[in-house]
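Listed here are the chains, written in short residue letters.
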Amino acid sequence: MIHEFGYLGLPETYRIIIVTESGKVTVSDTFTRKVLQSSITYDYLSNQGTTPPLLTAYIVQFFSTCIPTLLIEFIVLLLFGFSVKNNYKVFLTVNITTQLIMTAILGATIIYKGSLYANIILFPVELFILLSESIIYSKLLKGYTGKERVFYGVVANLTSFIVGLFLLSKQYEMIVSILSIRY
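Residues numbered from 1 in each chain as written. Predicted model: local features only at pLDDT ≥ 70, side-chain atom pairs only at ≥ 80, totals over all residues. Heavy atoms only, no water.

Asks: Sorry if this is basic, but what is going on with the packing of aromatic side chains here?
Replies: What describes a pair of aromatic rings is the distance from one ring centre to the other and the angle between the planes of the rings. A full pass over the atoms with the stated rule returns ten aromatic pairs. For the ring pair Phe82 and Tyr144, a centre distance of 4.9 Å and an interplane angle of 75 degrees mean the geometry is edge-to-face. Remark: Tyr144 occurs in the loop between helix 3 (115-140) and helix 4 (146-179) and Phe82 occurs in the loop between helix 1 (54-80) and helix 2 (84-113); sequence separation between them is 62 residues. For Phe82, a relative accessible area of 4% puts it in the buried group. Ring centres 5.3 Å apart and planes at 50 degrees place the aromatic pair Tyr137 and Tyr152 in the tilted group. Taken together, the positions of Tyr137 in helix 3 and Tyr152 in helix 4 put the pair 15 residues apart, joining distant regions of the chain. Across the pair, exposure class does not vary: Tyr137 and Tyr152 are buried alike. Among the aromatic side chains, those forming a connected cluster through ring pairs are Phe80, Phe82, Tyr137, Tyr144, Phe151 and Tyr152. (Phe/Tyr/Trp six-rings, centres within 6.5 Å; stacked < 30°, edge-to-face > 60°. Helix = DSSP H or I, 4+ residues; strand = E, 2+ residues; numbered from the N terminus. Buried < 20%, exposed > 50% of the residue type's maximum accessible area, 1.4 Å probe, protein only.)

As C-alpha cells, this is what we get:
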C-alpha cells in the first residue's frame, strides 16, 4: 500500500506507526528527514525504511535542464550562422559547465528549501550564466566579431531561459515525484 502524507512542518525525525484491523501496533525505528520533500519506502515485515538517493534528483534536474538548453542554444547557434565544426567544443563545454553550476545551486535549493526559494534565486543564477557565457563566447567562439558573439550568448540564453520557464513546473514535478513522501 502507498500512503502519501504532505503538510508544512514535517518533523525532522519521525516514526511510522501502523495499527492493523486486529489492533496490532507496529512502531518503526526513528527516521531522519534529510530534505524538505522526502520519501521513504517502509517494509512492514522487516520494519526497515529506505529512501531514494539524492543523487537521483540531481541527475534528473541536470538532464531536464541540460538537454533542452543544449537543443535550444544549438539551434540559435545555427541560426546565427556559427560553424558547428569550429565551435562545438566551446559550445558544449560552456553549456555543460554552466548547467552543472545551475544544478548544484537550484537543485540544492529545490531539495532543501522548496520551489519558492528556487524561483527566487532563479533569475540571479540565470543572469550570472548569461553574463558568464556571453563573456566566454566573446573570447572563444570562432567567427564574427566579439560583439556578435556576445549578442549570440545573450539571445541564446534568453531564449533557453524563456523556454525553461515553461518547463520549470514539469521539472519540479519530476524532482518532487522522486523525493515525494510515500509510505
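Still more ground to cover, so stick around.
Asks: How should the confidence of the model for the protein chain be read in this particular structure?
Replies: Any residue range with low pLDDT should be treated as having predicted coordinates unsuitable for detailed reading. Looking at the protein chain as a whole, its pLDDT mean stands at 85, while 85% of the residues score no less than 70. Within the protein chain, the lowest mean pLDDT, 82, falls on strand 5 (residues 41-43), and the highest, 92, falls on helix 3. (pLDDT = per-residue confidence, 0-100.)

Asks: I tried to follow the packing of helix 1 against helix 2 on my own but got confused; where do I start?
Replies: When two helices pack together, you describe them by how their axes are tilted relative to each other and by the distance separating the axes. Put simply, helix 1 and helix 2 touch, their axes get as near as 8 Å, and they point 145 degrees apart. Helix 2 is crossed by helix 1, and the crossing has right-handed handedness. For the contact of helix 1 with helix 2, the residue count by class is 20 nonpolar, seven polar and one charged. (Axes fitted to C-alpha atoms, helices over the stretch in contact; angles between N-to-C directions. Left-handed = near helix turned anticlockwise from the far one by under 90°. Nonpolar A, V, L, I, M, F, W, Y, C, P; charged D, E, K, R; others polar.)

Asks: Honestly, the packing of helix 2 against helix 3 in this entry has me stumped. Any pointers?
Replies: It is at 10 Å that the axes of helix 2 and helix 3 come closest, and there the two elements cross at 165 degrees. In this view, helix 2 runs roughly antiparallel relative to helix 3, as classed from their interaxial angle. Note that helix 2 runs across helix 3; the crossing there is right-handed. Residues Asn87, Val90, Phe91, Val94, Asn95, Thr98, Met102, Ile105, Leu106, Thr109, Ile110 and Lys113 of helix 2 touch helix 3, and the partners they reach there are Tyr117, Ala118, Ile121, Leu122, Val125, Glu126, Ile129, Glu133, Ile136, Tyr137 and Leu140. (Parallel < 35°, antiparallel > 145°, perpendicular 65-115°, else oblique. Contact = heavy atoms within 4.5 Å.)

Asks: Any chance you could explain the side chain of Glu133 here in plain terms?
Replies: Mapping Glu133 onto the fold places it in helix 3. The side chain of Glu133 sits in the buried core without any salt bridge; Arg149 is the nearest counter-charge, 14 Å away. Setting aside chain neighbours within four positions, we find Glu133 in contact with Glu73, Val94, Asn95, Thr98 and Asn157. (Lys, Arg positive; Asp, Glu negative; His and termini not counted. Salt bridge = Lys/Arg side-chain N within 4 Å of Asp/Glu carboxyl O.)

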